[in-house]
Amino acid sequence: IPGDGVFEEDAAAISNYVNQLFQAMHRVYDAQNELSAATHLTSKLLKEYEKQHFPLGGDDEVMNSTLQQFAKVIDELSSCHAVLSTQLADAMMFPITQFKERDLKEILTLKEVFQIASNDHDAAIIRYSRLSKRRENEKIKAEVTEDVYTSRKKQHQTMMHYFCALNTLQYKKKIAVLEPLLGYMQAQISFFKMGSENLTEQLEEFLTNIGTSVQNVRREMECEIENMQQTIEDLEVASDPLYLPDPDPAKFPVHRNLTRKAGYLNARNKTGLVSSSWERQFYFTQGGNLMSQARGDVAGGLVMDIDNCSVMAVDCEDRRYCFQITSFDGKNENPEEIAARVNQSALEAVTPSPSFQQRHESMRPTVQSRSPAARTSSTGSLGSESAVLSALSLDSLVAPDTPIQFDIISPVSEDLPGQAKSSGQSGRRTNPFGETGGSKSETEDSILHQLFIVRFLGSMEVKSDESPDVVYETMRQILAARAIHNIFRMTESHLLVTCDCLKLIDPQTQVTRLRFPLPSVVLYATHQENKRLFGFVLRTSGGRADSRQTSICYIFESNNEGEKVLVMVIFDRKASEKQKEMERVKEKQQKELTKQKQIEKDLEEQSRLIAASNRSNPSSGEGQFVVLSSSQSEDSDLGEDGKKKRESET
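Residues numbered from 1 in each chain as written. Predicted model: local features only at pLDDT ≥ 70, side-chain atom pairs only at ≥ 80, totals over all residues. Heavy atoms only, no water.

A.B. asks: Residue-level account of the overall build of the protein, with values.
C.D. replies: For the protein, the helix and strand inventory stands at 11 helices and 14 strands. Evaluated residue by residue, the protein yields a buried proportion of 30% over its 650 residues. In the protein, 64% of the contacts between residues at least 6 apart in sequence involve partners at least 24 apart. Here the protein has roughly 43,400 Å² of accessible surface; of this, 54% comes from carbon and sulfur atoms. (Helix = DSSP H or I, 4+ residues; strand = E, 2+ residues; numbered from the N terminus. Buried < 20%, exposed > 50% of the residue type's maximum accessible area, 1.4 Å probe, protein only. Contact = heavy atoms within 4.5 Å. Areas by Shrake-Rupley, 256 points an atom, 1.4 Å probe, with all protein chains shown as cover.)

A.B. asks: Account for the sheet that holds strand β1 (residues 262-270), naming residues and giving values.
C.D. replies: In spatial order, the strands read β1-β2-β3-β4; together these 4 strands make up an open sheet with antiparallel pairing. Here the strands that pair on one side only, and so sit at the sheet edges, are β1 and β4 (301-305). Taking the axes of each pair of neighbouring strands and ignoring which way they run, one obtains an average angle of 45° across the sheet. (Pairing = 2+ DSSP bridges. Axes fitted to C-alpha atoms, helices over the stretch in contact; angles between N-to-C directions.)

A.B. asks: Account for unusual backbone geometry, naming residues and giving values.
C.D. replies: If a residue is not glycine, its phi is most likely negative; likewise, a peptide bond is most likely trans. Notably, Tyr321 is not glycine yet its phi reads approximately 55°, a positive angle. Counting through the fold element by element, Tyr321 comes out in the loop between β5 (309-314) and β6 (322-327). Among the residues examined, Tyr321 registers a relative accessible area of 60% and is labelled exposed.

A.B. asks: Which residues make up the pattern of salt bridges, and what values do they have?
C.D. replies: Two side chains bearing opposite charge may form a pair once their charged atoms approach each other closely. If you walk through the whole model with that rule in mind, you get 14 salt bridges. With its nearest N and O atoms 3.4 Å apart, the salt bridge here joins Arg102 to Asp103. Taking relative accessible area as the criterion, Asp103 reaches 7% and is therefore assigned buried. With a closest N to O distance of 2.9 Å, Glu473 and Arg476 form a salt bridge. Taken together, the residues Glu473 and Arg476, both in helix α8 (residues 469-485) and 3 residues apart, mark about one turn of the helix. Both residues of the pair, Glu473 and Arg476, belong to the buried class. What emerges from the salt-bridge pattern is a single network uniting Arg455, Glu492, Arg532 and Glu557. (Salt bridge = Lys/Arg side-chain N within 4 Å of Asp/Glu carboxyl O.)

A.B. asks: Explain the packing of aromatic side chains to me, using residue names and the numbers behind them.
C.D. replies: The final tally for this structure, using the stated rule, is 14 aromatic pairs. The interplanar angle of 70° and the centroid separation of 5.4 Å between the aromatic rings of Tyr264 and Phe282 together place this pair among those described as edge-to-face. Pair noted here: Tyr264 is in strand β1 and Phe282 is in strand β2 (residues 276-286), with a separation of 18 residues, a long-range link. Using a relative accessible area of 44% as the deciding quantity, one classes Tyr264 as partly exposed. Centroid distance Phe456 to Tyr554: 6.5 Å. Interplanar angle 50°. Geometry classified as tilted. Placement of the pair is Phe456 in strand β8 (residues 448-462) and Tyr554 in strand β14 (residues 549-558), with a sequence separation of 98 residues. Taking relative accessible area as the criterion, Phe456 reaches 1% and is therefore assigned buried. Assessed through its relative accessible area of 4%, Tyr554 is described here as buried. Taken together, the aromatic side chains of Phe456, Phe516, Phe534, Phe536, Tyr554 and Phe556 make up a single cluster linked through ring pairs. A cation over a ring is seen here: Lys100 above Phe22, with NZ or CZ 5.2 Å from the ring centre. (Phe/Tyr/Trp six-rings, centres within 6.5 Å; stacked < 30°, edge-to-face > 60°. Lys NZ or Arg CZ within 6 Å of the ring centre and 35° of its normal.)

A.B. asks: Describe the pairing of strand β13 (residues 533-541), listing the residues and the values that go with them.
C.D. replies: In terms of burial, β13 is largely enclosed, as 7 of its 9 residues are buried. When strand β12 (residues 521-526) meets β13, the two strands line up antiparallel, connected through 5 bridges. When the sheet's bridge partners are listed, Leu523 is paired in β13 with Val537. If you look at the hairpin formed by β12 and β13, you'll find 6 residues sitting between the two strands. Pairing of β13 with β14, which is carried by 9 bridges, proceeds in the antiparallel orientation. Counted as the bridge partner of Leu538 is Ile552 from β14.

A.B. asks: So what about the confidence of the model for the protein? Which residues, and what values?
C.D. replies: Per-chain confidence: the protein averages 75 in pLDDT, with 72% of residues scoring 70 or above. Of the regions scoring below 50 in pLDDT, residues 330-392 engages in 86 contacts with residues more than four places distant in sequence or in other chains. Taken together, the stretch residues 619-638 has pLDDT below 50 and engages in 15 contacts with residues farther than four places along the chain or on a different chain. (pLDDT = per-residue confidence, 0-100.)

See the structure below:
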């Protein structure tokens, strides 16, 4: 219909504008809800101020009462904001939402219905115009005429409703815009009236007093800041020479009459046999005690009682200005004396001695003699008993100028002497729980007994493997060489003790570094004084070119006592031997059982042949004689029971 495009264009413009206005009013409504919730939260936090425990605040009653008064007023304002939110929802958002969701959607629906009715009317008119006048069919003509009548009536009715809605939209537009604004203004006026009723003259006087107090606090803060700035400048000028690491004692004399001293110190902690580390921490004196306080701790802890101690300066190679605190009860051992003993042992390691006894005794501190039973409890040998100690010389135990290996060589780069390297063994990851995903070898089927954390100190070739003194001498030379060359780094590994071998496993990658078969471990011992040190001798065969056997001594340091490791080695070796013996007995029994089954099978076959021969020649004894004579040749291998059984079957 001509002219209806103007109304439709106007309806589209109204819909676009109302959608934008609805979004703006919805933002106002959301902001008011957020303001109401934030105001209520502020009042709640102000009420909880007196329950807070501030380390430097203390109990400020004036501050607590002031904040409680503010919380009361803000809580009333929060109630006013909540009422305003409810009024905005009813008076502002409801009218514009109704217009948007009901009236504008009604225009769109009527437009679609009118378009469908117009299309149906056009189709009916086209069918009616195609009727032929020459060959008229009254029935078809009546149907087409009825279709035209119905579609035209429907189009006319929907058109009138659609045009009526377009005309009414002009009035609804004004109502939809003005009514929400009216509700918004009335809600704001009501809110301000409630606020004026709450803000009384008494509250205004309270706010005036608080404003005056804030100004006074601000002036005090500015004065304090000026004083602190001046103090900082004075301290910077006076402390400039103190920024040097070594200030001039003539200008800054040492205060020796202080009752309390505090500052950061580096304390040395022993981490290994000959290695140590320094830890920086805050120390202070309190009465007759030395206290320490870690970073982040509120209070310090007791380190030691220094009333009965002596303090003396010492020289250290890796630190300056070192001093030592020694107690008179003898519990604190001088680290410098320990280092001196280690250096003395290192010098003796390269100095010839008249006998092995003197060299062996020089590396140990003077202690009470141990009984032979105590010595044999921590040592063991799989070979014959060693000769008398005095009859052995140094050259008969360790070859002169024997190289020392201080680190573990990866099995990928170098094989262990005397061990055949199987396919896929190098670099293979070892499951410490004895579970593997692929095929299992004889070694992997062994039962896991225990896992120890050890540190490898070194290894060297030895000439004898029949006396525990070989292990003692190897320990002495390796420790002395580490002290001489300042080698403090040690490789930490997991020592896996199984029924058939010892394995050194990388704790990070679970890769087997070294493998020692238990039959090749011919000697083992622990240090007589330091029970954490232990070692064992591995007897291996040479390569293809050199078929002689060599003995290598390996020295380790364990977190727990080395005797526990050696006890597990002895236990696993006995268990392995017992298991092999049981397997041999089982194999022998299996062979006897197989032989017995074969004999019974032969007897059954002979019986079957005899029965068949009797059936074929019942009157002839020749066949029976032949069979019996052939079976008699086998009776020599049977016992009396077998012969009786064969005779009964015959």
